[in-house]
Amino acid sequence: QVQLVESGGGLVQAGGSLRLSCAASGRTFSRYVMGWFRQAPGKEREFVAAISGSGGSIHYGDSMKGRVTISRDNAKNTVYLQMNSLKYEDTAVYYCAADQGAVYTMATARYLEVWGQGTLVTVSS
């Protein structure tokens, strides 16, 4: 099973950009669908994006669609989330997750195999 460590969060002004990274340990990274979720204070966790093991299939949630791009580099065991045109309401802890299920079911899955510890993104207005 992989272990996940997110990085790249921080403080950014509204309209700005950030790229989050999620580094995975282990030699089976390419077997996993990888996803990004976020949770704002007082709100439920929300699906952002998922990418298949090969990178050939991608699914975006509605909340940030058009403003985010998910990608992965299997040689580096890393998945990325490029976020543009950030808004105040994008402030949240962003988590990456790994699962050996399907890309299009990650958004609604009740259980995912592995979670990272999260990285805080704060967007100032």
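Please refer to the structure placed before this passage.
Conventions and cut-offs
- Residues numbered from 1 in each chain as written.
- Predicted model: local features only at pLDDT ≥ 70, side-chain atom pairs only at ≥ 80, totals over all residues.
- Heavy atoms only, no water.
- Buried < 20%, exposed > 50% of the residue type's maximum accessible area, 1.4 Å probe, protein only.
- Helix = DSSP H or I, 4+ residues; strand = E, 2+ residues; numbered from the N terminus.
- Pairing = 2+ DSSP bridges.
- Axes fitted to C-alpha atoms, helices over the stretch in contact; angles between N-to-C directions.
- Core = buried A, V, L, I, M, F, W, Y, C linked by side-chain atoms within 4.5 Å.
- Contact = heavy atoms within 4.5 Å.
- Disulfide = S-S within 2.5 Å.

A.B. asks: Quick question: what am I supposed to make of the pairing of strand S4 (residues 33-39) here?
C.D. replies: It is a general feature of regular strands that their side chains alternate between the two faces of the sheet. Within S4, 6 of the 7 residues are buried, leaving the element largely enclosed by the surrounding structure. Relative to strand S9 (residues 92-99), S4 is paired through 7 bridges, and the arrangement is antiparallel. Counted as the bridge partner of Gln 39 is Val 93 from S9.

A.B. asks: Explain the sheet that holds strand S7 (residues 68-73) here, please?
C.D. replies: Backbone hydrogen bonds hold the strands of a sheet together, and the pairing may be parallel or antiparallel. Spatially, 4 strands are ordered S1-S3-S8-S7 in an open sheet, and the strand pairing comes out antiparallel. Either end of the sheet is taken by a strand with one partner, and the two such strands are strand S1 (4-7) and S7. Averaged over neighbouring strand pairs, the angle between their axes works out to 15° when direction is ignored. Bridge count between strand S3 (residues 18-24) and strand S8 (residues 78-83): 6 bridges; the pairing is antiparallel.

A.B. asks: Just checking my understanding: could you explain unusual backbone geometry for this structure?
C.D. replies: With the exception of glycine, the majority of residues adopt a negative phi angle, and the majority of peptide bonds are in the trans configuration. Unusually for a residue other than glycine, Asn 77 sits at a positive phi of about 55°. One non-glycine residue, Ser 85, lies in positive phi territory at about 50°. With respect to the helices and strands, Ser 85 occurs in the loop between S8 and S9.

A.B. asks: I tried to follow the nonpolar core on my own but got confused; where do I start?
C.D. replies: With 29 residues, the main nonpolar core has Leu 4, Met 34, Trp 36, Leu 81, Met 83 and Tyr 94 as its most contacted residues. Those elements that place two or more of their residues in this core are S3, S4, strand S5 (46-51), S7, S8, S9 and strand S11 (119-124). Those residues within four positions of Met 83 in sequence are excluded, and the remaining contacts are Gly 16, Ser 17, Leu 18, Leu 20, Met 64, Arg 67, Val 68, Tyr 94 and Val 121.

A.B. asks: So what exactly am I meant to see when it comes to the state of the cysteines here?
C.D. replies: A covalent bond between the sulfur atoms of two cysteines is referred to as a disulfide. For the structure on display, the rule yields 1 disulfide. Cys 22 shares a disulfide with Cys 96; S-S distance 1.9 Å. One quick way to see it: the torsion about the S-S bond of Cys 22 and Cys 96 is about 45°, and its sign makes the bridge right-handed. Of this pair, Cys 22 sits in strand S3 while Cys 96 sits in strand S9, and the two are 74 residues apart along the sequence. In this pair, the class of Cys 22 matches that of Cys 96, namely buried.

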